[in-house]
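Below are the chains, spelled out letter by letter.
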Amino acid sequence: MSFSTITPMSGCYRVLLRSLDTSRSGRNHVHPLSTWTSSIRPGLIFRGHSMVLGQPLRHLSLAATMENPITISNDRQKITFRLKDGSEITQQFHPTPKAKTDKLTAALASLLSDKAGTRNATAPSTSFGTSHWVLDPLGDAIHRHLALTSPEERDRVEKAIMEEADKMNHHPHIARVGEGDNGQGQLNNCLTVTCTTHSPRGLSVRDTRLAAKINEVLSEIDVTRPVVGSVPGQGSNEISERVKLSRKASIFENRQKILEALDNCGCENAKS
């Protein structure tokens with residue numbers, strides 16, 4: 001079984017997803033798609049024949065006055081965020097079995113919040129890049145989107161990230177965004193970085209440490225430049241929608257890489 005090209009409603013870009021039926025070791029292999037879709041159904045949005053992951057949390061203004069603005073349920077299956085306006089957001093969570101919840105909540109409180117006063121402080125809605133990480137709807141991974149100025153800068157940043165990952169012997173998945181866009185707009189030089197753990201499966205403290213190291217790599221680089229519309233007369237709302245759809249598609253691509261890595265039964269194959 002294979003996915004056809006995902007074509008978002010905006011029609012501004014296309015993301016080609018690899019076929020899930022490949023031949024390995026001289027035999028046909030069929031990925032257990034029904035099991036996968038069942039496990040991620042809470043975070044899915046269906047548009048026609050397209051399937052894209054639901055939008056992760058865009059921005060968290062955590063309650064700074066609270067000692068614990070993030071809590072994890074006793075069964076470790078839910079995570080709750082307490083925001084400055086007094087509201088709460090609860091979603092699915094999937095940490096690795098031995099991950100210490102106090103270390104996870106402390107790390108996520110920093111990683112998921114915009115950093116006021118930093119070079120990448122709150123990003124405009126028309127930027128593909130974000131100043132913070134977002135928690136996947138399944139709660140088993142965190143993602144950060146980067147908008148770079150050129151293919152050369154994109155390559156340098158990706159290389160620097162992987163060098164830090166090599167030092168930790170723990171590697172993220174990286175999706176290059178917009179390469180099927182025929183050069184339209186400024187999404188060609190964008191990346192989506194995903195940190196997750198394959199074995200044991202879930203979000204680990206190690207993932208948050210890697211994300212913090214990646215933040216250090218990016219600290220002096222502006223990764224939140226706005227997208228310039230490629231369509232004459234295209235308004236900011238249209239560009240914002242295009243950005244949201246592109247983020248969803250790039251997260252989908254990285255989740256496919258995770259599935260392929262797990263299917264290959266070896267973390268060496270999980271390197272981007």
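Residues numbered from 1 in each chain as written. Predicted model: local features only at pLDDT ≥ 70, side-chain atom pairs only at ≥ 80, totals over all residues. Heavy atoms only, no water.

K.L.:
Mind showing me how you'd approach the confidence of the model for the protein here?
P.N.:
Low pLDDT means the predicted coordinates in that region are not meant to be read closely. When the pLDDT values of the protein are averaged, the result is 75; 65% of them are 70 or greater. Here residues 1-54 is a poorly scored stretch, pLDDT under 50, and it has 98 contacts once near neighbours within four places are set aside; other chains count. Every residue in residues 267-272 is under pLDDT 50, and counting partners more than four places away or in other chains gives 16 contacts. (pLDDT = per-residue confidence, 0-100. Contact = heavy atoms within 4.5 Å.)

K.L.:
I would appreciate a short explanation of the sheet that holds strand E8 (residues 134-135) in the present structure.
P.N.:
Pairing is antiparallel across the open sheet formed by four strands, whose spatial order is E8-E9-E11-E10. Each end of this open sheet is capped by a strand with a single partner; those strands are E8 and strand E10 (173-177). Two strands pair when backbone bridges link them, and E10 and strand E11 (residues 190-195) are joined in this way by five bridges, in the antiparallel orientation. Paired with Ala-175 across the strands is Thr-192, a residue of E11. Along the sheet face, helix H5 (residues 236-263) touches strand E9 (142-147), E10 and E11 and points at about 140 degrees away from the line of E10. (Pairing = 2+ DSSP bridges. Helix = DSSP H or I, 4+ residues; strand = E, 2+ residues; numbered from the N terminus. Axes fitted to C-alpha atoms, helices over the stretch in contact; angles between N-to-C directions.)

K.L.:
What is the right way to read the environment of Asn-237 from this model?
P.N.:
Tracing the sequence through the fold places Asn-237 in helix H5. Remark: the alpha-carbon pair of Asn-237 and Thr-126, spanning 111 residues in sequence, is separated by 8.1 Å.

K.L.:
Sorry, what's going on with the packing of helix H2 (residues 101-111) against helix H4 (residues 205-218) here?
P.N.:
Packed helices, taken two at a time, are described by their axes: the angle between them and the distance between them. H4 packs onto H2 with a crossing angle of 25 degrees between their chain directions and a minimal axis gap of 10 Å. Classified by the interaxial angle, the pair formed by H2 and H4 is roughly parallel. Viewed along their axes, H2 and H4 form a crossing whose handedness is left-handed. Judged by residue contacts, Lys-103, Leu-104, Ala-107, Leu-108 and Leu-111 of H2 engage Val-205, Thr-208, Arg-209, Ala-211, Ala-212 and Asn-215 from H4. When grouped by side-chain class, the residues that make up the contact of H2 with H4 number seven nonpolar, two polar and two charged. (Parallel < 35°, antiparallel > 145°, perpendicular 65-115°, else oblique. Left-handed = near helix turned anticlockwise from the far one by under 90°. Nonpolar A, V, L, I, M, F, W, Y, C, P; charged D, E, K, R; others polar.)

K.L.:
Please clarify how the sheet that holds strand E7 (residues 88-92) should be interpreted in this entry.
P.N.:
What links the strands of a sheet is backbone hydrogen bonding, and the strands pair in either a parallel or an antiparallel sense. The three strands are arranged E5-E6-E7 in an open sheet whose pairing can be described as antiparallel. Bordering the open sheet on either side are strand E5 (70-72) and E7, each of which pairs with just one other strand. Geometrically, the sheet is characterised by an average inter-axis angle of 20 degrees between neighbouring strands, direction not taken into account. One ladder, built from three bridges, connects E5 with strand E6 (residues 78-82); its direction is antiparallel.

K.L.:
Would you take a moment to explain the pattern of salt bridges for this structure?
P.N.:
Oppositely charged side chains can pair when the atoms bearing their charge come close. Going through the model one piece at a time under the given rule, you end up with 10 salt bridges. Two residues, Arg-176 and Asp-155, come together in a salt bridge whose shortest N-O distance is 2.8 Å. Residue Arg-176 is found in strand E10, and its partner Asp-155 is found in helix H3 (residues 151-168); the two are separated by 21 residues along the sequence. If you follow the salt bridges from partner to partner, you end up with Asp-136, Asp-140, Arg-201 and Arg-255 in one network. (Salt bridge = Lys/Arg side-chain N within 4 Å of Asp/Glu carboxyl O.)

K.L.:
How should the side chain of Asn-254 be read in this particular structure?
P.N.:
Its location among the elements puts Asn-254 in helix H5. Exposure remark for Asn-254: the relative accessible area of 0% places this residue in the buried category. Sequence-distant contacts of Asn-254, that is, excluding residues within four places in its chain, are made with His-173, Ile-174, Ala-175, Thr-192, Val-193 and Thr-194. (Buried < 20%, exposed > 50% of the residue type's maximum accessible area, 1.4 Å probe, protein only.)

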